Amino acid sequence: MSDTSMFCFQCEQTVAGKGCTRVGVCGKPPEVSNKQDELTAALIALARASKGAAVGGATDELVMQGLFATVTNVNFDAARVDAMIAEAQAATAKLGGAPAYDPQALFHGDTDITSLRSILLLGLRGMAAYAWHAHVLGVDDPAVTAWHYKGLLEIGREHDVSGWLALIMEFGQINLKCMEILDRANTTAYGHPVPTSVATTREPGPFIVITGHDLLDLKQLLDQTAGKGINIYTHGEMLPAHGYPVLKQYPHLKGNYGTAWQNQQKEFADLPGAIFFTTNCIMPPKPSYADRVFTTSVVGFPGIAHVPDVHGGVKDFSPVIKKALALGGWKAAEAGTPLMTGFARNAVLAVADQVVGAIKAGLVKHIFLVGGCDGAKPGRNYYTEFVEKTPKDTLVLTLACGKYRFNHLDLGKIGPFPRILDMGQCNDAYSAIQVAVALAGVFKCGVNDLPLTLVLSWYEQKAVCILLTLLSLGIKNIRIGPSLPAFVSPTVLNVLVEKFGLTPITTPDADLAAILKK
Ligand code: SF4
Ligand code: SF3
């Protein structure tokens, strides 16, 4: 690849639904895109050197972070990617070396094989993010850690279609385990989420907006800002943090500001507070607020201040705090309508008998899980309209940043439940799976026989790994939008449609009619 050309088709907003070849729609320049491919190739060589087994210690961390750094809207900093390539090469040499992998081979070649290889690689990138979140809380699973290496090793090998499909299904099961350890890590550290009303009122005074998915960063920031007259507001995927008992006890965790990631350039313009990105999704910061943006962990953007990791310790947030104090915050209060969150598996299963009773009594005729990523495309209004049009005797479970399309709607209640139940971040897809499995247990049927339909929105690679987990569990007839992934070839799509009944979304009216007539 020359310095001016690139190839990336890993997210939903890719150019013309085919691939970004000059510059990413996300803002990723060719230099960074090509370096990310080089990093992936260097990690494949490392996995070859380790023969697909986990090496341990800092090398495991490098593998997780190296994959996580290539997720959409995580790292735009070529120097940081270069440093990770050098680390991967050094780790490979330490293991005695291995044949190099050609980065050009990643996304080129036979269309169907490239599609299957990409599905596995992109899923693996998503899982690495979840594994990292569990790891920073001290929770690892040897099988999950090892599968990062195994996946990379296999991506560097030749397989036929059935070989790739078998690997993809095996990966789906490993990712389920990964999501289980993350759920355990979060609930052990912060307690089980409880239903919580989150204020969106702005209060006068200095503040920090924290976004992304990392709850440990939030906890450390809350500790370091306690008693300093600084308010903390969540943004994007950090909203569900308010439901955790350990986090919600901090009085200066004031509420939520803004909506999903794609609105950040508008919502952060001239914001009189510091903005802290713990993970994706970062967009190129505009000059009106770039001086108050901070990143940490694998997130990076050239010229943007970075809070370094402290291995197993406490990060130093003093530059963020200093910036928030200097900016002074909002001058006056501004009222907002509260949002509900905290309906994770423990909260829902605690009232499982009431949910089951409501289904048996015909008060709840159907449950929809409308979850996934948000994004900028106009077609995403589908999800707002879909939820608005769900009949009054149905419940809507939701998770991840796609919820901002409808979490402000008041759809009323069924008995004690609001009709929209926010189960958490995309990380909490495990909660939704557990609820579905528990309901199937009560009704003595399979998940596919429940009055439950999954209507998913995807954008980046974490959604890919969750989808693969759902498929590996045999969950059928999932509806997916707003458009189909560019990396799924027509032949592979046919397999997914035939085997799993995966269905692209059409219109809310047509889809609701089709779902409810069953
Ligand atoms: Fe394009 Fe998405 Fe890749 Fe960015 S991450 S370069 S928008 S496909
Ligand atoms: Fe959102 Fe980026 Fe995927 Fe965690 S924050 S769901 S898009």
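The structure contained in this document is the topic of the report that follows. (Residues numbered from 1 in each chain as written. Chains lettered and ligands numbered in written order. Predicted model: local features only at pLDDT ≥ 70, side-chain atom pairs only at ≥ 80, totals over all residues. Heavy atoms only, no water.)

One open sheet accounts for six strands, arranged S4-S3-S2-S5-S6-S7; its pairing is parallel. At either end of the open sheet lies a strand with only one pairing partner, and these are strand S4 (253-256) and strand S7 (305-307). The mean angle between the axes of side-by-side strands here comes to 30 degrees, regardless of whether they run parallel or antiparallel. Where strand S6 (residues 293-296) lies against S7, three bridges are found, and the strand directions are parallel. Counted as the bridge partner of threonine 295 is histidine 306 from S7. Sheet strands in contact with helix H7 (residues 215-225) are strand S2 (207-211), strand S3 (231-234), S4, strand S5 (274-277) and S6, and its direction is about 170 degrees off that of S2. (Pairing = 2+ DSSP bridges. Helix = DSSP H or I, 4+ residues; strand = E, 2+ residues; numbered from the N terminus. Axes fitted to C-alpha atoms, helices over the stretch in contact; angles between N-to-C directions. Contact = heavy atoms within 4.5 Å.)

Take the site of ligand 1 next. In the neighbourhood of ligand 1, 13 residues make up the surrounding shell, with Cys8, Cys11, Cys20, Cys26 and Thr72 lying closest. Here the residues of the shell around ligand 1 are counted per class, giving seven nonpolar, five polar and one charged. (Near = heavy atom within 4 Å. Nonpolar A, V, L, I, M, F, W, Y, C, P; charged D, E, K, R; others polar.)

A cis amide bond links asparagine 280 with the next residue in sequence, cysteine 281, at an omega value of 10 degrees. Note that the residue after glycine 481, namely proline 482, is joined by a cis bond; omega there is 0 degrees. Here proline 482 lies in the loop between strand S15 (479-481) and helix H16 (490-500). At alanine 400, a residue that is not glycine, the phi angle is positive and equals roughly 75 degrees. By the secondary structure assignment, alanine 400 is in the loop between strand S10 (394-398) and strand S11 (413-414).

Here the focus is the site of ligand 2. Close contacts around ligand 2 come from His213, Glu237, Trp261, Asn280, Cys281, Cys373, Ala400, Cys401, Cys426, Tyr459 and Glu460, and that covers them all. Along the lines of polarity and charge, the residues of the shell around ligand 2 split into seven nonpolar, two polar and two charged.

This part takes up the packing of aromatic side chains. In the structure shown here, the tally under the stated rule is 19 aromatic pairs. Each ring, one from tyrosine 233 and one from tryptophan 330, has its centre 5.3 Å from the other, and the planes form 75 degrees; the classification is edge-to-face. With tyrosine 233 in strand S3 and tryptophan 330 in the loop between helix H10 (318-327) and strand S8 (339-341), the pair connects residues that are 97 residues apart, well separated along the chain. Among the aromatic side chains, those forming a connected cluster through ring pairs are Phe7, Phe9, Phe107, Trp458 and Phe487. (Phe/Tyr/Trp six-rings, centres within 6.5 Å; stacked < 30°, edge-to-face > 60°.)

Close approach of charged atoms allows side chains of opposite charge to pair. Considering all chains together, one arrives at 20 salt bridges under this definition. Of the charged contacts in the structure, one is a salt bridge between aspartate 217 and lysine 315, with a shortest N-O distance of 2.8 Å. Of the two residues, aspartate 217 is situated in helix H7 and lysine 315 in the loop between S7 and H10; the sequence distance between them amounts to 98 residues. Taking the shortest distance from any N to any O, the salt bridge between aspartate 422 and lysine 403 comes out at 3.4 Å. With aspartate 422 in strand S13 (residues 420-422) and lysine 403 in the loop between S10 and S11, the pair connects residues that are 19 residues apart, well separated along the chain. No difference in accessibility class separates aspartate 422 from lysine 403, as the two residues are buried. Overlapping salt bridges bring together Glu12, Lys377 and Arg380 as one network. (Salt bridge = Lys/Arg side-chain N within 4 Å of Asp/Glu carboxyl O. Buried < 20%, exposed > 50% of the residue type's maximum accessible area, 1.4 Å probe, protein only.)

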